[in-house]
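A structural walkthrough
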There are 2 protein chains.
Amino acid sequence: MAPPSSQACAAVERSIRERVPPLLTDLYQFTMAYAYWRAGRHNEPAVFELFFRDNPFGGGFSLFSGLLDCLLFLRSFRFSDEDLEYLRSVLPPATDPAFFVFLRELDCSNVTVRSAPEGTVVFARVPLMEVSGPLAVVQLLETSLLCLVNYASLVCSNAARFRMAAGSRRKLLEMGLRRAQGPDGGLTASRYAYIGGFDLTSNVQAGFLFGVPVAGTMAHSYVTSFSSLEEVWPHTLMTANGDHESIDLISLTKGWLRLVCELLGAEPGKIREGELAAFLSYAVAYPHNFLPVIDSYSVSCSGLLNFCAVALSLFELDYRPLGVRLDSGDLCRQSVEVRRVFRLCSERFSIPAFHSLTIVGTNNISEHGMAELNLKENEIDVVGVGTHLVTCTRQPSLGCVYKLVEVRGSPRMKFSEDPEKSTVPGRKAIYRMLDTEGHPFLDLLCLREEPAPTAGEAVKCHPVVGDQTCQSITPSQVTCLRLDVYIKGQISQPMCSTAETREKVQHSIQNLHPRYKRLEEPDTYTVAVSEKLHNLIAEIRKDSSNDSNFLLAN
Amino acid sequence: MAPPSSQACAAVERSIRERVPPLLTDLYQFTMAYAYWRAGRHNEPAVFELFFRDNPFGGGFSLFSGLLDCLLFLRSFRFSDEDLEYLRSVLPPATDPAFFVFLRELDCSNVTVRSAPEGTVVFARVPLMEVSGPLAVVQLLETSLLCLVNYASLVCSNAARFRMAAGSRRKLLEMGLRRAQGPDGGLTASRYAYIGGFDLTSNVQAGFLFGVPVAGTMAHSYVTSFSSLEEVWPHTLMTANGDHESIDLISLTKGWLRLVCELLGAEPGKIREGELAAFLSYAVAYPHNFLPVIDSYSVSCSGLLNFCAVALSLFELDYRPLGVRLDSGDLCRQSVEVRRVFRLCSERFSIPAFHSLTIVGTNNISEHGMAELNLKENEIDVVGVGTHLVTCTRQPSLGCVYKLVEVRGSPRMKFSEDPEKSTVPGRKAIYRMLDTEGHPFLDLLCLREEPAPTAGEAVKCHPVVGDQTCQSITPSQVTCLRLDVYIKGQISQPMCSTAETREKVQHSIQNLHPRYKRLEEPDTYTVAVSEKLHNLIAEIRKDSSNDSNFLLAN
């Protein structure tokens, strides 16, 4: 079902071009670019880093996503005449017309990106991407890159948390399109929720564009649109193997319904005829895919009984019904009751498969509610999650930032009234230290020119948060967290399909030690700077408190 | 600057076609449509209503937005061959091939929409839109319409709350693109934040497409990219009227800086040369638009002094600098200090305008933080809001739903395990009752065939929440909350530009009594059903507890 990588990427690239034109950015990128251009600084080599300051959702890690979109954006970055005409109308009238000629020629052919691999577990304050190139160009890219990474990484991380809360047994269905920030918010959510560990989406366009497996059967409106068995048409069905002539499904099911009522001691008078009609009509249309929503009226007095009767008819005709969906009330309690009835039917009518029909639960489930499923008795096999997944209710923004770290080969650092808003200067290499069991335990930010740490050799490092005391650590393995992904206008890594990136995510999470994966109060993963980088920071701080007395000169 | 309505609408329509293809929906819409089609019910006339169940943000009202996008979506609703090929691959293999022929021919030429006007104050449980047409078609529209209304209305309402919290004096700048749910989340946020009462956006594409006024000057990266006055080029500037030859701005500003340091007793050694260079370079590029961010190092020890020096130079050359931006720390406290220094400069150097330079504050401001600005001493003139506005942190989803209320002329009602998930059946007329002062005080849901309530005449009504006791009320005026906006495939109302809709919003909010507008614990606006509708609900409930004994028949 999944389109091949190249085809999928072409679709993504087209969509990026349409959705992320170069004007989709903050105005100040243009005023700054103009000021650089005016001062003749626009081609100075500059380096920016993209990172976030706190792991989301009170967790111990995040996932890095959105990289492919960024690279496709860079590849198609060009201003149209229409764009420039608009810019001319909003930039101050004093803007030199030659600046627009400069913009017209601009592209990302001199831009280089080094980054962590997409789908990797990452930590606060470790740069995810390093974007280098002509100062004016890399400045112009800021907002678009942040926009593409921020939400993708956030929703992917959120999905991974739901996945961990759910355990590996349950299937997870994403169904948040209607509650997302408009069409593309929903599409991004479906794609990155899948990458983060969901199994299915309700979003058809996400299936079409990215090959995400899609699922869904019926809403309440379908059920309530029926009022009488007379609306069921056709009401005959062949057996699954086509051996027998058409059977009248209505009388067959009425027979089963009587037996189900007897078995459960249910009151036939409370059963909704319209609901039965809806189920029958759906079963006739999709006898292999019968999974109705059973709470339009009352699960125990009507929906469950109607389901069992239709399912028994389908079994009799050698079809295999799928199960039921619960969409309101106490899902755990109801699922236990549903499973009990499935078992009774299974035993009474000697249909072993009836016992293990699927129970889908969907009712505004939060991560907390998902975690509770492991504590409360329940029989839910598939959980649908919408609002809390796509809006990331608990923390709706990752807060990625994009900071200048070097210009013309000289390191840059931002101080700030808020100390945690200060930046780590200089062009870096980033290494992940693994312990003897292959678990990462420390990310080390070094200056780019430093030799890489060596497995089995002690290395000094200074944690970036906390008391900052120097540690000496000895990694069993060292991996590099920076790939060359975009070199001078070309994407320089194979592009992964959505499914491939999803694999990488699962692998990266598996490698992480459980102490960093606890949903609440995880251990803090250590992020540190090398001795050399530590010294550079100290030097810049010292210089800064002792600035050149330029006022006295001249 | 704003494009004319028709041009703006063409741009919006193109963007809707690209962003909201008919596959951007939940799979179950197709499985249901198939089941209807298979049963020959696809052309039965059906009516759906779109509404939300709780006013957002703990407030007393919401705003209705996203209608124009819905209508443009309906107008362009058609499946392509590529869409159908994909659907064929994901729908069960048993799907009759003729169904895809049916889908290929489908459009919204038989769909009719009646709705509240876009930009109106609306309340929980009052249907915003009524969508009627062939059952299969109006079912297929569900997710897309919800997706277009949900976030637009939510962010518009959020913006209106920020506007109310800020008071009318302060200007509000939306700057959330980088923190939104991807590119289109950011674009939708910028558009509807403006409609909800913001004055400006940082988002250039929102300006380009929708004519929203754009603003922005510089980021910290611009400031930290400079390290020495040698990078300022050119360093000369003509006077504003062009009378004089070019003046050396560096020496002029150094002179002013000495005077400023004297005036304020500041230590020249702490002033950052790079920051001054950045300010000078920007001033040379945009002497009429000088508004730097002054907290890259230290506001009081460097940024403010550098600003004052450059601003004094600009005043001397007859330019009018704009002001400063503060982006970290305690904005209130700093703004007071900045204003104090502005006043001192104004007095000491006899420049009255210096006192009233603009102070922009941007630092992760929430609605609560905005409301605090009215309680704490501060001098902030313009507030920039990003994350909390676009992600609607306090409630990131409005929770609109789309429910079937009538099929083949017969009312439909959903019961539920959660009583508040039950629906109000039947095709309706909706009236807003105004008091003698022209304030709305009650929305009345009637059956469509009932005569409209008359001004000055008592009418019985039953509140939909609370104790449900019958009331008699006498409106001074009655307005209808349902316009015919889409009739048989045609948009039947003039399309409003973004700015026109913004006007409507402001007007609608102004008309609302303050007791419903309190940000915390507002009064509850009454939503009621007419006597006739009340009786219909009772009748359906009675019938439902006493369903036809279809089991016994036959």
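A quick note: this is a predicted structure, and the numbers were derived from the prediction, not measured.

Let's talk about the packing of helix α13 (residues 299–316) of chain A against helix α14 (residues 331–348) of chain A
All names here are of chain A. Relative orientation of the contacting elements α13 and α14 amounts to 40°, with a least axis distance of 11 Å. With respect to α14, the element α13 is oriented oblique. For the pair α13 and α14, the crossing hand works out as right-handed. Here α13 contributes Val299, Leu304, Phe307 and Cys308 to the contact with α14, which in turn contributes Gln334, Glu337, Val338, Val341, Phe342 and Cys345. Across the contact of α13 with α14, the residue classes tally to eight nonpolar, one polar and one charged.

Digging into unusual backbone geometry
Residue Pro234 of chain A is bonded to the preceding Trp233 of chain A through a cis peptide linkage, with omega at -15°. Here Pro234 of chain A lies in the loop between α10 (220–224) and β8 (236–237). In this model, Ser350 of chain A sits at a positive phi of 55°, which is unusual for a non-glycine residue. Considering the arrangement of structural elements, one finds Ser350 of chain A in the loop between α14 and α15 (352–355). One non-glycine residue, Lys488 of chain B, lies in positive phi territory at about 45°. Within the fold, Lys488 of chain B resides in the loop between β20 (483–487) and β21 (490–491). When its relative accessible area of 51% is taken as the criterion, Lys488 of chain B is described as exposed.

Here's the deal with the side chain of Glu118 of chain A
All names here are of chain A. As for its position among the elements, Glu118 is in the loop between β3 (112–115) and β4 (121–122). Within the buried set, Glu118 has no salt-bridge partner at all; the shortest N-O distance to an opposite charge, 5.9 Å, is to Arg191. At a separation of 2.6 Å, a polar atom in the side chain of Glu118 contacts the main-chain amide nitrogen of Gly66. For Glu118, the contacting residues outside a window of four places in its chain are Phe64, Ser65, Gly66, Leu67, Leu68, Tyr192, Thr501 and Lys504.

Points about the interface of chain B and chain A
The interface is formed by 131 residues belonging to chain B together with 131 residues belonging to chain A. Run the count over chain B and chain A and you get six salt bridges. A salt bridge links Glu142 of chain B to Arg178 of chain A, with the nearest nitrogen and oxygen atoms 3.2 Å apart. Taken together, chain B and chain A are joined by 42 residue pairs in polar contact (both at pLDDT 80 or more). With 10 residues, the single largest contributor to the side of chain B that touches chain A is helix α2 (residues 27–38) of chain B. Its residues assigned to classes, the side of chain B that touches chain A shows 62 nonpolar, 41 polar and 28 charged.

A word on the relation of the copies chain B and chain A
Under the fitted operation, chain B is carried onto chain A by 0.0 Å of movement along the axis and a turn of 180°, and the coordinates agree to an RMSD of 0.0 Å. The transformation relating the two chain copies, once decomposed into turn and shift, fits a two-fold axis. Here 100% of the interface residues in chain B have copies in chain A that are interface residues too; the copies meet face to matching face.

Topic: the environment of Val424 of chain A
Position of Val424 of chain A among the secondary structure elements: in the loop between β14 (410–411) and β15 (428–434). Contact partners of Val424 of chain A, with chain neighbours within four places excluded, come to Glu49, Val405, Val529, Leu533 and Ile537 of chain A.

Some words on the packing of aromatic side chains
Across all of its chains, the model carries 54 aromatic pairs over all chains by this definition. Aromatic side chains Trp256 of chain B and Phe349 of chain B sit 5.2 Å apart centroid to centroid with 85° between the ring planes, which places their arrangement in the edge-to-face category. Pair noted here: Trp256 of chain B is in helix α11 (residues 249–264) and Phe349 of chain B is in the loop between α14 (331–348) and α15 (352–355), with a separation of 93 residues, a long-range link. Through successive ring pairs, a cluster of aromatic residues spans Tyr34, Tyr36, Trp37, Phe99, Phe100 and Phe102 of chain A together with Tyr222, Phe226, Tyr282 and Tyr286 of chain B. Across from the ring centre of Phe226 of chain B, 4.1 Å away, lies the NZ or CZ of Arg41 of chain A, which sits over that ring. Positioned over the ring face of Tyr297 of chain B is Arg272 of chain B, at 4.0 Å from the centre of the ring.

Some points on the UniProt feature "domain: Nicotinate phosphoribosyltransferase N-terminal" (unreviewed entry) in chain A
In the numbering used here, UniProt assigns the feature "domain: Nicotinate phosphoribosyltransferase N-terminal" (unreviewed entry) to residues 23–150 of chain A. A helix fraction of 42% and a strand fraction of 16% characterise residues 23–150 of chain A, whose end C-alpha atoms lie 18 Å from each other.

Structural notes on the side chain of Glu450 of chain B
All names here are of chain B. Turning to its location among the elements, Glu450 is positioned in the loop between β16 (440–447) and β17 (459–463). Buried and unpaired, Glu450 has no salt bridge, with Lys532 as the nearest side chain of opposite charge at 5.2 Å. Each residue touching Glu450, except ones within four places of it in the same chain, is listed here: Ser530, Lys532 and Leu533.

Brief notes about empty space enclosed by the protein
Residue and element names in this part refer to chain B. What the rule picks out here adds up to 10 cavities of 30 Å³ or more. Quantified by volume, the largest cavity comes out at close to 100 Å³. The wall of the largest cavity is formed by 14 residues, among which Leu68, Arg191, Cys496, Ser497 and Thr498 lie closest to the centre. Broken down by secondary-structure element, the contributors of at least two residues to the lining of the largest cavity are α1 (5–19), α8 (182–195), α9 (204–210) and α18 (498–511). Class assignment for the residues of the lining of the largest cavity results in nine nonpolar, three polar and two charged. Per-domain counts for the lining of the largest cavity show at least three residues from each of domain 1 (5–159 + 395–544) and domain 2 (160–390).

Focus: the sheet that holds β16 of chain B
Residue and element names in this part refer to chain B. One open sheet holds the six strands; their spatial order is β18-β17-β22-β16-β15-β19, and the pairing between them is mixed. Each end of this open sheet is capped by a strand with a single partner; those strands are β18 (471–473) and β19 (477–480). The average angle at which neighbouring strand axes cross in this sheet is 40°, direction not considered. Note: strand β15 (residues 428–434) against β16, seven bridges, orientation antiparallel. Considered in β16, the bridge of Leu434 is made with Pro440. Its contacts with the sheet place helix α20 (residues 531–544) against β15, β16, β17 and β22 (526–530), and it is angled at close to 75° to β22.

A few points about the nonpolar core
Membership of the largest hydrophobic core comes to 396 residues, with the highest contact counts inside it found for Leu103, Phe307 and Phe354 of chain A together with Leu103, Phe307 and Phe354 of chain B. In this view, Phe354 of chain B contacts Phe307, Cys308, Ala311, Leu312, Phe315, Phe342, Cys345 and Ser346 of chain B; residues no more than four positions away in its chain are not counted. Of all hydrophobic cores here, the second largest spans six residues; its members include Leu200, Ala215, Leu291 and Val382 of chain B.

Notes on the domain arrangement of chain A
Interfaces are often described in size by the accessible area the parts lose on coming together. All names here are of chain A. Domains assigned within chain A are domain 1 (5–159 + 395–544) and domain 2 (160–390). The C-alpha-based centres of domain 1 and domain 2 are spaced at 43 Å. Each side of the interface is counted separately: domain 1 has 31 residues, and domain 2 has 26 residues. Both faces considered, domain 1 and domain 2 share a buried interface measuring about 2400 Å² in area, 59% of it formed by carbon and sulfur atoms. Contact with domain 2 buries area across many residues of domain 1, yet Ala159, Arg502 and Leu519 alone supply 28% of it, more than any other trio. Applying the counting criterion to the domain 1 and domain 2 interface returns three salt bridges.

Rules of the game
Residues numbered from 1 in each chain as written. Chains lettered and ligands numbered in written order. Predicted model: local features only at pLDDT ≥ 70, side-chain atom pairs only at ≥ 80, totals over all residues. Heavy atoms only, no water. Axes fitted to C-alpha atoms, helices over the stretch in contact; angles between N-to-C directions. Helix = DSSP H or I, 4+ residues; strand = E, 2+ residues; numbered from the N terminus. Parallel < 35°, antiparallel > 145°, perpendicular 65-115°, else oblique. Left-handed = near helix turned anticlockwise from the far one by under 90°. Contact = heavy atoms within 4.5 Å. Nonpolar A, V, L, I, M, F, W, Y, C, P; charged D, E, K, R; others polar. Buried < 20%, exposed > 50% of the residue type's maximum accessible area, 1.4 Å probe, protein only. Lys, Arg positive; Asp, Glu negative; His and termini not counted. Salt bridge = Lys/Arg side-chain N within 4 Å of Asp/Glu carboxyl O. Polar contact = N/O pair within 3.5 Å; in protein donor to acceptor, adjacent residues only side chain to side chain. Least-squares fit on C-alpha atoms with pLDDT ≥ 70 in both. Phe/Tyr/Trp six-rings, centres within 6.5 Å; stacked < 30°, edge-to-face > 60°. Lys NZ or Arg CZ within 6 Å of the ring centre and 35° of its normal. UniProt positions renumbered as here; feature names shortened; annotations may be inferred. 1 Å grid on protein atoms, 1.4 Å probe; cavity = no way out; pocket = protein on both sides within 12 Å on 5 of 7 lines; lining within 4 Å. Points joined across faces, edges and corners; volume = space filled by probe spheres on them. Domains from an automatic or database assignment. Pairing = 2+ DSSP bridges. Core = buried A, V, L, I, M, F, W, Y, C linked by side-chain atoms within 4.5 Å. Buried area = accessible area lost by both parts, 1.4 Å probe.

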